[in-house]
Amino acid sequence: REASLRFKAIRSIFDAMVQLHYLLVEIPTRAITNIRSKSDFENVKNEAVDRVSKLYERWKLEAELVGTGREFEALTHATRRAVSEFPHPLDVAPSREDAGRVAVDVLRKTADAVHKGEDFVEAFVSETGSEFKSHAGAFTGAYLNWWEHHSSEVGRSTRELHSALMLAALDIGDDVAA
């Protein structure tokens, strides 16, 4: 009977682990769909943080039952932190002042190209494209940095919880065999 309860707890914690990972995959999509309103964006993040907390509260006793409480708490903490620190696009986009400087730079570089004999439209399109690529790369880089910053903690916590759950399952097998 006790082995059956512990086995069910292990399955539940594995399920919670999958739900936490799904949440990390889901948050960028859900948050970006609410890009127009920073408050809606923050609400999506807050809802996700609440879901992490509820998962933890729901399954922490089962995690403790099988000896994986510390590892489960570490994974939920890492997930909660990653979700709460997901940046709003306006926080990583260039400011209006920077955008104004970029526009002036593009016009200046276009004028220089025209003085050298290049066609205005071709020079303008080329300079605008270069600047767009530069800023798009910085924008994308901000999200990559977010993930790089959090992925090691999430990955380490996942591996530790997975290992602890596997050991707990082996302990159940030993108890049943004895």
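Residues numbered from 1 in each chain as written. Predicted model: local features only at pLDDT ≥ 70, side-chain atom pairs only at ≥ 80, totals over all residues. Heavy atoms only, no water.

### Looking at the overall build of the protein
(1) Moving on: Scanning the protein from N- to C-terminus turns up 6 helices and 0 strands.
(2) Moving on: When the helices and strands of the protein are read in sequence order from the N terminus, they spell out α-α-α-α-α-α.
(3) Moving on: In the protein, the proportion of contacts linking residues at least 24 apart, taken out of those at least 6 apart, comes to 79%.
(4) Moving on: Roughly 11,000 Å² of accessible area belongs to the protein as shown, and the carbon and sulfur atoms make up 57% of that amount. (Helix = DSSP H or I, 4+ residues; strand = E, 2+ residues; numbered from the N terminus. Contact = heavy atoms within 4.5 Å. Areas by Shrake-Rupley, 256 points an atom, 1.4 Å probe, with all protein chains shown as cover.)

### Describing helix 1 (residues 2–32)
(1) Moving on: The terminal C-alpha atoms of helix 1 lie 45 Å apart, and with 31 residues this matches the ideal 45 Å at 1.5 Å per residue to within 8%.
(2) Moving on: At glutamate 26, helix 1 shows its largest kink, close to 40°, and the proline proline 28 lies no more than four residues downstream. (Expected span 1.5 Å × (residues − 1). Bend = angle between axes of the 7 residues up to and from the residue.)

### What about the packing of aromatic side chains?
The geometry of an aromatic ring pair is captured by the separation of the ring centres together with the interplanar angle, meaning the angle of the planes.
(1) Moving on: If you walk through the whole model with that rule in mind, you get 5 aromatic pairs.
(2) Moving on: Arranged with centres 6.0 Å apart and planes meeting at 25°, the rings of phenylalanine 41 and phenylalanine 86 form a pair that is stacked. Linking phenylalanine 41 in helix 2 (residues 38–65) with phenylalanine 86 in the loop between helix 3 (69–84) and helix 4 (89–92), this pair joins segments that are 45 residues apart in sequence.
(3) Moving on: Residue phenylalanine 41 is classed as buried on the basis of its relative accessible area of 0%.
(4) Moving on: Centroid distance tyrosine 56 to phenylalanine 72: 5.7 Å. Interplanar angle 25°. Geometry classified as stacked. Placement of the pair is tyrosine 56 in helix 2 and phenylalanine 72 in helix 3, with a sequence separation of 16 residues. Accessibility assignment for this pair places tyrosine 56 and phenylalanine 72 in one class, buried. (Phe/Tyr/Trp six-rings, centres within 6.5 Å; stacked < 30°, edge-to-face > 60°. Buried < 20%, exposed > 50% of the residue type's maximum accessible area, 1.4 Å probe, protein only.)

### A closer look at the pattern of salt bridges
Pairs may arise between side chains of opposite charge once their charged atoms sit close together.
(1) Moving on: According to the stated counting rule, one finds 8 salt bridges in the structure shown.
(2) Moving on: In this structure, the salt-bridge partner of glutamate 42 is lysine 45, at a minimum N-O distance of 3.6 Å. With glutamate 42 and lysine 45 both in helix 2, this residue pair falls 3 residues apart, about one helical turn.
(3) Moving on: With its nearest N and O atoms 3.1 Å apart, the salt bridge here joins glutamate 71 to arginine 70. (Salt bridge = Lys/Arg side-chain N within 4 Å of Asp/Glu carboxyl O.)

### Structural notes on the packing of helix 2 against helix 3
(1) Moving on: At a minimum axis separation of 10 Å, helix 2 and helix 3 run at an interaxial angle of 180°. The orientation of helix 2 with respect to helix 3, classified from their angle, is roughly antiparallel. Two secondary-structure elements touch here, helix 2 through Lys45, Ala48, Val49, Val52, Ser53, Leu55, Tyr56, Trp59, Lys60, Ala63 and Glu64 and helix 3 through Gly69, Phe72, Glu73, Thr76, Thr79, Arg80, Val83 and Ser84.
(2) Moving on: When the residues that make up the contact of helix 2 with helix 3 are grouped by side-chain class, the tally is 9 nonpolar, 5 polar and 5 charged. (Axes fitted to C-alpha atoms, helices over the stretch in contact; angles between N-to-C directions. Parallel < 35°, antiparallel > 145°, perpendicular 65-115°, else oblique. Nonpolar A, V, L, I, M, F, W, Y, C, P; charged D, E, K, R; others polar.)

### Some remarks on the side chain of threonine 79
(1) Moving on: Along the chain, threonine 79 turns up in helix 3.
(2) Moving on: For threonine 79, a relative accessible area of 0% translates into the label buried.

### Some points on the side chain of threonine 76
(1) Moving on: Along the polypeptide, threonine 76 turns up in helix 3.
(2) Moving on: Each residue touching threonine 76, except ones within four places of it in the same chain, is listed here: Leu20, Val52 and Tyr56.

### Side note on the environment of alanine 63
(1) Moving on: Its place among the elements puts alanine 63 in helix 2.
(2) Moving on: Residues alanine 63 and isoleucine 13, spaced 50 residues apart in sequence, show a C-alpha to C-alpha distance of 6.5 Å.
(3) Moving on: Leave out the neighbours within four places in its chain, and alanine 63 touches Ile13, Thr68, Gly69 and Phe72.

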